[in-house]
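Summary of structural features
Each chain, written out:
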Amino acid sequence: MSKKLSFVLAIVMVASLVLSACGGGAGGKLKVGLVTDTGGVNDKSFNQSAWAGVQKAVTDFGIEANYIESKQPTDYEKNIDQFATEKYDVVVTVGFFMGDATAAKAKQYTDIKFAIVDNAYFPTAGSTACADTVKDCYDDGGLKNVTSLMFQEDQVGFLAGVVAAGMSKTGTICSVAGVEIPPVVRFVVGYQNGAKWLKPETNALNVYIPSFTDPAKGKETAISMIGQGCDVIFGVGGNTGNGGLLAAKEQNLMAIGVDVDQYGTYPEVAGALLTSAAKNVDVAVYEYLKTVVNKTDKPGIVTANVQNGGVGLAPYHDWETQIPQEVKDKVAEALAGLKDGSIPTGYVP
């Protein structure tokens, strides 16, 4: 073998080792797949925010990414299977309901890194780890390749409740909620207790609807509560909650969005939105992918809260000059109390 050929082969071997060390699929790029819940990637809320986080990571880190929309719960596992078959390195799953599918596939595909939004795996057999801030647990036996991205929804729900009670003219506020699962319950409990912290006499109505994809039912439910005097509607149930926001807009009432700043994602109701109780899902997903790129990712629970800026109220936008300063001051007081622990949200796991 000539010296020139040997040199070329040596260069090829070194390049191959470098690509292997970097991980990733073809061309050495990290391949990231996102599996949405049934709300779809353009749900103006949760899934859309998660995909935005992935897209930012694509821009900043040069990774390769794609998403698959789940049309029904039976799609969860096969969608993960598709990414596994296509040799993806990371799979991000969105939503509490994807917990079982994610756990099963993480055990099957131990060479893939998984992140799941809003499911911390409650304890079964084996050792467990708990997030002190949310009191949720996951079974870490066999789930060494899963990171749970969790949020203290009760904190930002509390702040939204302060705004709602401060702006209500009738003294009755309400929430159109989706399925009664822990993240939604945290939002609702925080919302109601925040309102009562500001004005103990506040009447806080709520209805849980067993779907995140039924805006017609959300609208119908909102109209019913409007009939009971509600004049500030918190939509906290994906597209179902969006129906409640639309009812508020159409009846010239006030509304509060959820998960993202819905002033930008749901322009049809923008004029009614006092604010949105935002979970920075995009930031959580982006920061997770950043740790994967930097090889500092770890299994377990990562919690977003008001202390680290992972949750918070969106801007007041059109209502900036209409919300009295004393209400804004009370929101600031509540935020400070939540941060230092002197004000509890009232949520008990």
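Residues numbered from 1 in each chain as written. Predicted model: local features only at pLDDT ≥ 70, side-chain atom pairs only at ≥ 80, totals over all residues. Heavy atoms only, no water.

**Side note on the overall build of the chain**
- Regarding its fold elements, the chain presents eleven helices and 14 strands.
- Burial status across the chain gives 52% buried among its 349 residues.
- Of the roughly 15,000 Å² of accessible surface on the chain, 55% is carried by carbon and sulfur atoms. (Helix = DSSP H or I, 4+ residues; strand = E, 2+ residues; numbered from the N terminus. Buried < 20%, exposed > 50% of the residue type's maximum accessible area, 1.4 Å probe, protein only. Areas by Shrake-Rupley, 256 points an atom, 1.4 Å probe, with all protein chains shown as cover.)

**Topic: the pairing of strand 1 (residues 31-35)**
- Of all five residues in strand 1, five are buried; the element is thus mostly enclosed.
- Going residue by residue along strand 1, you find Lys31, Gly33 and Val35 tucked away on one face and Val32 and Leu34 tucked away on the opposite face as well.
- Taken together, the five bridges between strand 1 and strand 2 (residues 64-68) define a ladder with parallel strand orientation. Bridge pairing in strand 2 places Gly33 opposite Asn66.
- Handedness of the crossover joining strand 1 and strand 2 through helix 2 (residues 46-61) is recorded here as right-handed.
- Here four bridges tie strand 1 to strand 3 (residues 90-94), and the two strands are oriented parallel to one another. When the sheet's bridge partners are listed, Gly33 is paired in strand 3 with Val91. (Pairing = 2+ DSSP bridges. Right-handed = clockwise from strand over helix to strand, strands pointing away.)

**A short note on the state of the cysteines**
- For the coordinates displayed, the defined rule picks out one disulfide.
- Here Cys174 connects covalently by a disulfide to Cys230, the sulfurs 2.1 Å from one another. Residues Cys174 and Cys230 are joined through a disulfide that is left-handed, its torsion about the S-S bond being -75 degrees. With Cys174 in strand 8 (residues 172-177) and Cys230 in the loop between helix 7 (215-226) and strand 10 (232-236), this pair connects stretches of sequence that are 56 residues apart.
- Residue Cys174 is classed as buried on the basis of its relative accessible area, which comes to 0%.
- Of the residues examined, Cys230 reaches a relative accessible area of 2% and is grouped as buried. (Disulfide = S-S within 2.5 Å.)

**Examining the nonpolar core**
- Formed by 62 residues in total, the largest nonpolar core has its most connected members in Val285 and Leu289.
- A total of nine residues in this core trace back to one element, the largest contributor, which is helix 5 (residues 153-167).
- When sequence neighbours within four positions are dropped, the list of residues in contact with Leu289 reads Val32, Val54, Ala57, Phe61, Ile63 and Val90.
- The next biggest cluster of nonpolar side chains, apart from the first, holds 18 residues, and it includes Tyr76, Val91, Ala101 and Ala103. (Core = buried A, V, L, I, M, F, W, Y, C linked by side-chain atoms within 4.5 Å. Contact = heavy atoms within 4.5 Å.)

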